[in-house]
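# Coordinate analysis (summary)
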Amino acid sequence: MVAREIAKGIFWVGALDFDRRLFDELIPLPEGTSYNSYLVRGSEKTALIDTVDPKKEEELIVNLIKLGIEQIDYIVINHAEQDHAGSLPMVLEMYPRAKVVTNEKCRDLLVALLQIAPESVMVVKDGDTLSLGDRTLRFFLTPWTHWPETQITFLVEDKILFPCDLFGFHQATSELYITNEADAYRSAKRYYAEIMMPFRNSIRGYIQKVRDLDPAMIAPSHGPVNKNPKFILDAYAEWVSDDVKNVVVLPYISMHGSTQKMVDHLTGALIQRGVDVKPFNLTHTDIGELAYSLVDAATVVVATPTVLFGPHPQIVYATYLANVLKPKVRFASVIGSFGWGGKAAETIVKMLDHVKVEVLEPVVIKGLPDEAALVALNRLADDIAKKHKEIGIL
Amino acid sequence: MDRYVCTISGHVYDPEKGEPRLDLPPGKAFEELQNDWQCPVCFADKSKFVKA
C-alpha cells in the first residue's frame, strides 16, 4: 500500500482490505473495509494514532519505513479491539522507544487482549493534552461508544478529529476522502446499525461535545476521511434521536408457503394503509441490511413458521440479533403458521427483552391462512396504522 | 424497593434477589449500593443504571 498525506505532516499509513467479506465472523462486508492508522509529525515528537488489523501489520510497517520514520515517540490507542490495536506488539517491536498513550480502561484491555506490558503505557485522562512541539493532541474519553474504553483524539491546531470506530464505515476504497455523501450516508448508517446502535444513548451525549470542537476533518479508523464533519454529525444526531419512521420491518421465513401467504397479505394491507414495509426473507438476507432497516423503523413484525413447537431457528437468530442491537423500535408483533401446535409467538416476544416495545396482538394460525386469518392480518395492519398515527408518523 | 436495569447490557438488579455472582445477598436497595458498584455483566458504572 502507500502512505498518503491528509494535511501537511499528517499521513494516512493504514491498510485497505478489499478482500474481506465478513467482520467478527458475523457481519457481511459488501464493500470490504480499511484499517486506518495515522502518523502525526510535530516539530519535537511523532505520534502514531491507532494501528491496523494484525493480518495487515506488515503494510503498516512498510508505510512507515517508506516514509522514512526512524522514531515514533507515542502510539495513541483509541480503542483496544484487535482490528485497530492488534498490530501494536509489532509496532512496539519495530519502535521500542515508543510509549503507548491511552486511558486506564484501555490499558487494562491491551494487557488482557494483546499482552502489552502495562509499564509501556502512559495513562491519560479525559481532556488531557500531549504536546508534539508545534502540535497538540487532546484526548476525550467517550466510554460506551462501542466499548467501555473507547476514546477520541483531537489534533488541536489542525482541528482534525480521530474518533476511531465512531463516525467511520466499512469500505475499502482507493479514494482518500469521501467523494459521494449519499453513498457514504448509506455505508455509515449500516455501520452505525451493526456497531454503534446498542450504544445510542451514550453516543447522544457526545455529539454536541464533538460539534463544539468544530473539527475541520474527521479521520476515522474505517473508511475514507471526512472533510465535511457536519454531514456525519447530522446523520448521527438523526439516528441516535428517539424519532422513528413510518416503517414496518418484516423478517420472515416460510417453509411450505403458509407464512409466506401471511407475509404477502400483511405487506399489501400495510401498503394500502400508507405504511411502508420492508420484508426480509431470512433465507437470503444480508443481516447488515436487516440491521440497517432497524435503525429508525417504528415497528417490527416477525413472521415465522413452527419447527418442533417453536419458531424457526433462522428467526430465532435474527430476533436475538435484533434484540441485542437495541433498535429504537416502538411496536412489535408476530405472525405465523403451525401444523400441529407450538408456542412460536410467545418464544419470540420473550426474546425481545432489550427493546422497549408495545406488543400488538400476534396472528398465529393453523395451516394455510383462511378468510378469518386474512381478517386477523387486516386487524393487525389496522393496529399498526393506528399506532403510527398516534405517534404522528402517519 | 425498585429494580434497576443496566442501559448497556440490559442486566437487571433486583434487590429482592440480590447479586449471587457478587455474593450480594437480597435486601439491599439499589440506592444503598456503593458508588463504585458496577454491573456484574458488563462492568458499566452504577450511573449507567436506570429504574426498570
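Keep in mind that what you see is a predicted model, and the values were worked out from it rather than measured. (Residues numbered from 1 in each chain as written. Chains lettered and ligands numbered in written order. Predicted model: local features only at pLDDT ≥ 70, side-chain atom pairs only at ≥ 80, totals over all residues. Heavy atoms only, no water.)

## Side note on the overall build of chain A
Of the regular secondary structure elements, chain A holds twelve helices and 23 strands. Taken along the three principal axes of its C-alpha coordinates, chain A extends 80 × 40 × 35 Å. For chain A, long-range pairs separated by at least 24 residues make up 73% of all intrachain contacts whose partners lie at least 6 apart in sequence. (Helix = DSSP H or I, 4+ residues; strand = E, 2+ residues; numbered from the N terminus. Contact = heavy atoms within 4.5 Å.)

## Some words on the interface of chain B and chain A
It is common to give the size of an interface as the accessible area lost on bringing the parts into contact. Facing nine residues of chain B, the contacting portion of chain A comprises six residues. In this assembly, chain B packs against chain A so that about 580 Å² is buried in total across both faces, 49% of it on carbon and sulfur atoms. In this structure, the connection of chain B to chain A is made through zero salt bridges. Put simply, chain B and chain A have four residue pairs in polar contact (both at pLDDT 80 or more) between them. (Buried area = accessible area lost by both parts, 1.4 Å probe. Salt bridge = Lys/Arg side-chain N within 4 Å of Asp/Glu carboxyl O. Polar contact = N/O pair within 3.5 Å; in protein donor to acceptor, adjacent residues only side chain to side chain.)

## Here we look at the domain arrangement of chain A
Residues and elements named next belong to chain A. Examined at the domain level, chain A breaks down into domain 1 (4–240) and domain 2 (248–390). A straight line from the C-alpha centre of domain 1 to that of domain 2 covers 38 Å. Each partner contributes to the interface: domain 1 provides 15 residues, whereas domain 2 provides 16 residues. Both sides together, the interface formed by domain 1 and domain 2 hides about 1,400 Å², and carbon and sulfur atoms give 60% of it. Where domain 1 packs against domain 2, one counts four salt bridges. A salt bridge links aspartate 296 to lysine 189; its shortest N-O distance comes to 3.0 Å. Linking domain 1 with domain 2 are six residue pairs in polar contact (both at pLDDT 80 or more). Mapped onto the side of domain 1 that touches domain 2, the elements with two or more residues apiece are strand S5 (27–28), helix H5 (181–196) and helix H7 (229–240). Broken down by element, the residue count for the side of domain 1 that touches domain 2 peaks at six residues, all from H5. (Domains from an automatic or database assignment.)

## Let's talk about the environment of Ser241(A)
All names here are of chain A. Tracing the chain through its elements places serine 241 in the loop between H7 and strand S17 (245–252). Apart from residues no more than four positions distant in its own chain, serine 241 is found in contact with Arg200, Arg204 and Lys328. A distance of 3.2 Å separates the side chain of serine 241 from the backbone nitrogen of aspartate 243, its partner in a polar contact.

## Some points on the pairing of strand S18 (residues 276–281) of chain A
Residues and elements named next belong to chain A. Across six bridges, S17 lies against S18 in parallel orientation. Note that in S18 the partner of proline 251 across the bridge is phenylalanine 280. Handedness of the crossover is the feature at issue here: the chain leaves S17, passes through helix H8 (residues 258–272), returns alongside S18, and the resulting connection is right-handed. (Pairing = 2+ DSSP bridges. Right-handed = clockwise from strand over helix to strand, strands pointing away.)

## Some thoughts on the sheet that holds strand S2 (residues 12–13) of chain B
All names here are of chain B. Taken in spatial order, the three strands of this open sheet run S2-S1-S3, and their pairing is antiparallel. On the outer flanks of this sheet lie S2 and strand S3 (49–51), each paired with one strand and no other. Bridging between strand S1 (residues 4–6) and S3 involves three bridges; their strand directions are antiparallel. Along S3, the bridge assignment pairs cysteine 6 with phenylalanine 49.

## Notes on H7(A)
In this model H7(A) runs 16 Å from its N-terminal to its C-terminal C-alpha over twelve residues, within 8% of the 16 Å that 1.5 Å per residue would give. Regarding H7(A), the residues found buried are Pro229(A), Phe231(A), Ile232(A), Leu233(A), Ala235(A), Tyr236(A), Trp239(A) and Val240(A). (Expected span 1.5 Å × (residues − 1). Buried < 20%, exposed > 50% of the residue type's maximum accessible area, 1.4 Å probe, protein only.)

## Observations concerning the environment of Leu48(A)
Residues and elements named next belong to chain A. In this structure, leucine 48 sits in strand S8 (residues 46–49). Look at leucine 48 and you get buried, because its relative accessible area is 0%. With 85 residues separating them along the chain, leucine 48 and glycine 133 place their C-alpha atoms 15 Å apart. Leucine 48 has contacts with Val13, Ser37, Tyr38, Leu39, Leu64, Ile72, Tyr74, Ile75, Val76 and Val91, leaving out every residue within four places of it along the chain.

## Observations regarding the pairing of S8(A)
Residues and elements named next belong to chain A. Burial of S8 is two-sided: the residues Thr46 and Leu48 facing one way and the residues Ala47 and Ile49 facing the other way are all buried. Summarising the sheet, strand S7 (residues 38–41) and S8 pair through four bridges and their orientation is antiparallel. Bridge assignment links tyrosine 38 to a residue of S8, and that residue is isoleucine 49. Joining the antiparallel neighbours S7 and S8 is a turn of four residues. Handedness of the β-α-β unit built from S8, helix H1 (residues 57–66) and strand S9 (residues 74–76) comes out right-handed.

## Some words on the pattern of salt bridges
Oppositely charged side chains can form a pair if their charged atoms are brought close together. All names here are of chain A. Evaluated as defined, the whole model comprises 25 salt bridges over all chains. For arginine 211, the salt bridge identified is with aspartate 234, shortest N-O distance 2.9 Å. Taken together, the residues arginine 211 in helix H6 (residues 200–213) and aspartate 234 in helix H7 connect sequence positions 23 residues apart. For aspartate 234, a relative accessible area of 30% gives the class partly exposed. In this structure, the salt-bridge partner of lysine 387 is glutamate 358, at a minimum N-O distance of 2.8 Å. Of this pair, lysine 387 sits in helix H12 (residues 371–390) while glutamate 358 is found in strand S22 (residues 358–359), placing the two residues 29 residues apart along the sequence.

## Topic: the packing of aromatic side chains
All names here are of chain B. Going through the model one piece at a time under the given rule, you end up with 14 aromatic pairs over all chains. With centroids separated by 4.0 Å and ring planes inclined at 10 degrees, the aromatic side chains of tyrosine 4 and phenylalanine 30 adopt a geometry described as stacked. Note that tyrosine 4 is positioned in strand S1 and phenylalanine 30 in the loop between S2 and S3, a separation of 26 residues in sequence. Since its relative accessible area comes to 10%, tyrosine 4 is described here as buried. On the accessibility criterion, phenylalanine 30 (6% relative accessible area) is buried. Where tyrosine 13 meets phenylalanine 30, the ring centres are 6.0 Å apart and the plane angle is 55 degrees; that geometry is what we call tilted. (Phe/Tyr/Trp six-rings, centres within 6.5 Å; stacked < 30°, edge-to-face > 60°.)

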